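Topology and contacts: notes
Spelled out from the first residue to the last, the chains are:
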Number of protein chains: 2
Amino acid sequence: MKPMAIALSTVLFVFTFALPALAADPLPSWNDGPAKQSIITFVEKATKAGSPDFVPVPERIATFDNDGTLWCEKPLPVQLYFVLDRVKALAPQHPEWQTTEPFASILKGDLNAALAGGERALVELVMVTHTGNTTVEFEKIVKDWIATAKHPKTGKLYTEMVYQPMLEVLSYLRANGFKTFIVSGGGIEFMRPWAEKTYGIPPEQVVGSSVKTKFELRDGQPVLVRLPEVNFNDDKGGKPVGIHQHIGRRPIAAFGNSDGDLQMLQYTGAGSGARFCLYVHHDDAAREYAYDRKDHLAKLDQGLDEAAAKGWTVVSMKNDWKTVHPAGK
Amino acid sequence: MKPMAIALSTVLFVFTFALPALAADPLPSWNDGPAKQSIITFVEKATKAGSPDFVPVPERIATFDNDGTLWCEKPLPVQLYFVLDRVKALAPQHPEWQTTEPFASILKGDLNAALAGGERALVELVMVTHTGNTTVEFEKIVKDWIATAKHPKTGKLYTEMVYQPMLEVLSYLRANGFKTFIVSGGGIEFMRPWAEKTYGIPPEQVVGSSVKTKFELRDGQPVLVRLPEVNFNDDKGGKPVGIHQHIGRRPIAAFGNSDGDLQMLQYTGAGSGARFCLYVHHDDAAREYAYDRKDHLAKLDQGLDEAAAKGWTVVSMKNDWKTVHPAGK
């Protein structure tokens, strides 16, 4: 392109940019209503130069839970299906698993029986299926799996089970100078391989649970080896800790869907200046799933009460979202 | 400004941009020579669209050690002077320190005697002076200290003891689409409060050593409490681990000055595509300090050999740098 051609397109861009009143709806998959309006009001307030609520660009940090906030977490969180498939893939090397729990139940296809062993069984399953390899090897395993694994009910790829309205919130915030982060109880290395393509969130903006990792030289080549030991549990009170460790600033906006996100929302809301806290409330049994106060894996109970008391936005998936998943997917 | 005025300035900008050959020297504090040339050659290669060495913007990650690479670490690393001043400030609350090592030596002004207790004494000193407060309180303590504490030899503020040629490398890389990170053995919370102003590196791009932190509600207000327990040691093999944990991508360029940075340079250099590894060699006793193979705190020994064997850039501070610290400071 010649310089004058560039300049012309720039002029057109400048004119477009100078007419925000005519801009398209940034949240087209949201029904008009208080939830949608609260997001727009917050962004306009935080970005309006000279307003008392103005937040400088570097401080515009927004954090998002992943499971149930950005993508579907039912019937079970996606990472558990990864565990299941990994156990099956590794089983030929472990004949003893046929008669040892929690593996035997998994190999019989009974995930609930396997999970009956509680947190100890779950940690054992995660360690066996997620570690003992290098970071490069594990990344490839996740990429290969996520490219083909399908949701048990819809038959869609898991990366197609993301929430279209939340993708629009991510884009809208970024278009307004926000840095968007994932802060999830899920594995940091399980999310990074696909988060950039799926959400536009680069690896350095993903915070999650992790295992310990060790540097080694193998035949003179440096590798990072994943060890079967929990390094960090990024859930509940761990979320503000993970945020502080990775980001080092308090977010001004936080998005979650369960009591596991409550401390992140408390920490975000307690800062000074413009603040925004939002819960996605799964009340849409017809188009997705309906669960809240009594769910055993992703309970939203205390959080609902605190949201009401503090005036946080509670999104009714049923009423506030025009569509749930991206069209054509 | 009216749209046409914006468009005109944009046209001028586009023309300027189209004439890189006339651009000012991006590294004016560097003497011409192989070190300076190696930096420029790498950046031009990595950013030239269509070239086999082209690196897409998201992959342009550059990591910098801090002590001895971005600022002066002699006679002792700056954070040790912070420890010293904190011990003095806290001493009235600890009468027992007058007769207990390593505190007694510090209170007598004998830092070397205090450090004779080895790593155990050092960890004890760091825990006592860095923890037991909230993250917000600690940030304020660091900010207040760094605003006034002076280098014992030059009498300058520590933030004036940064290396002007390295500030230019940081700016040059960022102007070419790189994200610049600090990866230091120093405390992550000791660096974040001033790194953005001093280096243009935001908190979320600072990686360092850390203590464990705990979320608590105090009178309904969420706080993060700093506990007297090491969470992560971001040195030697810990540097690639810290990089992987925080950034999740392998850097394509890494800058250090000691054997503590060697694993970071190995990890960076072992990736495919355009790569750049650089050691700052302190050989300038007249303008700064001269130390390498035999230094007891920041030894550069194995690193010098490996740099020679692998063709990494070794910067002679004496010959390659026109100036050491920013002018007028």
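The structure displayed is predicted, hence computed values, not measured ones.

Focus on the relation of the copies chain B and chain A
Of the two same-sequence chains, chain B is brought onto chain A (RMSD 0.0 Å, axial shift 0.0 Å) by a rotation of 180°. In the structure described here, the two chain copies are related by an operation that fits a two-fold rotation axis.

Brief notes about the confidence of the model for chain A
The predicted model of chain A averages 93 in pLDDT, with 93% of residues at 70 or higher. This prediction of the complex comes with two scores: 0.92 for pTM and 0.92 for ipTM.

Describing the sheet that holds strand β7 (residues 313–316) of chain A
On the basis of which strands lie adjacent, the open sheet formed by 7 strands has the order β4-β3-β2-β1-β5-β6-β7 (chain A) and mixed pairing. At either end of the open sheet lies a strand with only one pairing partner, and these are β4 (221–232) and β7 of chain A. Each adjacent strand pair in this sheet contributes to an overall mean axis angle of 30°, direction not counted. Taken strand by strand, helix α11 (residues 262–269) of chain B contacts β3 (206–218) and β4 of chain A, and its axis lies near 95° from that of β3(A).

Description of the interface of chain B and chain A
Contact with chain B, which involves 43 residues of that partner, is made by 43 residues of chain A. Of the roughly 3,600 Å² buried between chain B and chain A, counting both surfaces, carbon and sulfur atoms make up 61%. Area buried by chain B at its contact with chain A is led by Glu204(B), Phe215(B) and Gln245(B), which between them contribute 17% of it. Across the contact surface, chain B and chain A share 6 salt bridges. Across the pair Glu204(B) and Arg249(A) runs a salt bridge, and its minimum N-O distance is 3.2 Å. When residues of the side of chain B that touches chain A are traced back to their parent elements, those giving at least two are α1 (3–17), α7 (135–146), β2 (179–187), α9 (188–199), β3 (206–218), β4 (221–232), α10 (238–246) and α11 of chain B. Split into classes, the residues belonging to the side of chain B that touches chain A amount to 22 nonpolar, 13 polar and 8 charged.

Structural notes on empty space enclosed by the protein
For the structure on display, the rule yields 6 cavities of 30 Å³ or more. Taken as a whole, the largest cavity encloses approximately 70 Å³ of empty space. Val241(A), His244(A), Gln245(A), Ile188(B), Glu189(B), Ser210(B), Val211(B), Thr213(B) and Arg226(B) together form the lining of the largest cavity. Every element with two or more residues in the lining of the largest cavity is listed here: α10 (238–246) of chain A together with α9 and β3 of chain B. In terms of residue class, the lining of the largest cavity is built from 3 nonpolar, 4 polar and 2 charged.

Re the sheet that holds strand β1 (residues 61–64) of chain B
All names here are of chain B. Strands sit in the order β4-β3-β2-β1-β5-β6-β7 across an open sheet of 7 strands; the sheet is mixed. Each edge of the sheet is formed by a strand with only one pairing partner; in this case those strands are β4 and β7 (313–316). Adjacent strand axes in the sheet meet at a mean angle of 30°, parallel and antiparallel pairs treated alike. Sheet analysis places strand β5 (residues 253–256) next to strand β6 (residues 276–281), joined by 4 bridges and oriented parallel. Across the sheet, residue glycine 256 finds its bridge partner in β6, namely tyrosine 279. Contacting β5, β6 and β7, helix α2 (residues 34–47) crosses the sheet at an angle of about 155° to β6.

Side note on the environment of Leu84(B)
All names here are of chain B. Take leucine 84: it is sitting in helix α3 (residues 78–90). Distance in space between the C-alpha atoms of leucine 84 and glutamate 196 is 24 Å, their sequence separation being 112 residues. Excluding its chain neighbours within four sequence positions, the residues that come into contact with leucine 84 are Ile106 and Leu111.

Overview of helix α2 (residues 34–47) of chain A
All names here are of chain A. For α2, with 14 residues, the first-to-last C-alpha span of 20 Å sits near the 20 Å given by 1.5 Å per residue. Ala35, Lys36, Ser38, Ile39, Ile40, Phe42, Val43 and Ala46 are the residues of α2 that are buried. Next to the buried residues of α2 lie α8 (164–175), β5 (253–256), β6 (276–281), β7 and α13 (317–320).

As for unusual backbone geometry
In this structure, the amide linkage connecting Lys74(A) to the following residue, Pro75(A), adopts the cis form with an omega of 0°. Following the sequence through the fold, Pro75(A) ends up in the loop between β1 (61–64) and α3 (78–90). Backbone torsion omega between Glu101(B) and Pro102(B) reads 0°, so that peptide bond is classified as cis. Summarising the element assignment, Pro102(B) is placed in the loop between α3 and α4 (103–107).

Examining the side chain of Glu168(B)
The topology assignment puts Glu168(B) in helix α8 (residues 164–175). Not counting chain neighbours up to four residues away, the residues in contact with Glu168(B) comprise Pro26(B), Leu27(B), Pro28(B), Ser29(B) and Trp30(B).

Some details on the pairing of β1(B)
Along any regular strand, the residues point their side chains to alternate faces of the sheet. Residue and element names in this part refer to chain B. Side chains of β1 alternate between two faces, with Ile61 and Thr63 and Ala62 and Phe64 buried alike. Looking at chain direction, β1 and β2 are connected through 4 bridges and run parallel. Note that in β2 the partner of isoleucine 61 across the bridge is lysine 179. With 3 bridges joining them, β1 and β5 adopt parallel strand pairing. Residue pairing for β5: phenylalanine 64 is matched across the bridge by phenylalanine 255.

A short note on the packing of aromatic side chains
This structure, assessed with the given rule, holds 34 aromatic pairs over all chains. Ring centres of Tyr81(B) and Tyr158(B) lie 6.0 Å apart, and the angle between their planes is 20°; on these two criteria the pair is classed as stacked. Within this pair, whereas Tyr81(B) is found in helix α3, its partner Tyr158(B) is found in the loop between α7 and α8, the two being separated by 77 residues in sequence. Both residues of the pair, Tyr81(B) and Tyr158(B), belong to the buried class. Counting every residue linked through ring pairs, the aromatic cluster contains Trp71(A), Tyr81(A), Phe82(A), Phe138(A), Trp145(A), Tyr158(A), Phe190(A), Trp194(A) and Tyr199(A). Cation over ring: Lys74(A) sits above Tyr291(A), and NZ or CZ is 4.5 Å from the ring centre. Above the ring of Phe138(B), the side-chain terminus of Arg226(B) is found at 3.9 Å from the ring centroid.

Topic: the side chain of Gln164(B)
All names here are of chain B. Mapped onto the elements, glutamine 164 comes out in helix α8. One polar contact links glutamine 164 to glutamate 168, side chain to side chain, over a distance of 3.0 Å. In contact with glutamine 164, other than residues within four places in its own chain, are Ser29, Thr323, Val324, His325 and Pro326.

So, the packing of α3(A) against helix α6 (residues 118–130) of chain A
Residue and element names in this part refer to chain A. Where α3 meets α6, the axes come as close as 9 Å, and the angle between the chain directions of the two elements is 60°. Comparing the axis directions of α3 and α6 gives the class oblique. Remark: the crossing between α3 and α6 carries left-handed chirality. Contacts between α3 and α6 involve Gln79, Leu80, Phe82, Val83, Arg86, Val87 and Leu90 from the first element and Leu122, Leu125, Val126, Val128, Thr129 and His130 from the second. Tallied by class, residues from the contact of α3 with α6 come to 9 nonpolar, 3 polar and 1 charged.

Definitions and cut-offs
- Residues numbered from 1 in each chain as written.
- Chains lettered and ligands numbered in written order.
- Predicted model: local features only at pLDDT ≥ 70, side-chain atom pairs only at ≥ 80, totals over all residues.
- Heavy atoms only, no water.
- Least-squares fit on C-alpha atoms with pLDDT ≥ 70 in both.
- pLDDT = per-residue confidence, 0-100.
- Pairing = 2+ DSSP bridges.
- Helix = DSSP H or I, 4+ residues; strand = E, 2+ residues; numbered from the N terminus.
- Axes fitted to C-alpha atoms, helices over the stretch in contact; angles between N-to-C directions.
- Contact = heavy atoms within 4.5 Å.
- Buried area = accessible area lost by both parts, 1.4 Å probe.
- Salt bridge = Lys/Arg side-chain N within 4 Å of Asp/Glu carboxyl O.
- Nonpolar A, V, L, I, M, F, W, Y, C, P; charged D, E, K, R; others polar.
- 1 Å grid on protein atoms, 1.4 Å probe; cavity = no way out; pocket = protein on both sides within 12 Å on 5 of 7 lines; lining within 4 Å.
- Points joined across faces, edges and corners; volume = space filled by probe spheres on them.
- Expected span 1.5 Å × (residues − 1).
- Buried < 20%, exposed > 50% of the residue type's maximum accessible area, 1.4 Å probe, protein only.
- Phe/Tyr/Trp six-rings, centres within 6.5 Å; stacked < 30°, edge-to-face > 60°.
- Lys NZ or Arg CZ within 6 Å of the ring centre and 35° of its normal.
- Polar contact = N/O pair within 3.5 Å; in protein donor to acceptor, adjacent residues only side chain to side chain.
- Parallel < 35°, antiparallel > 145°, perpendicular 65-115°, else oblique.
- Left-handed = near helix turned anticlockwise from the far one by under 90°.

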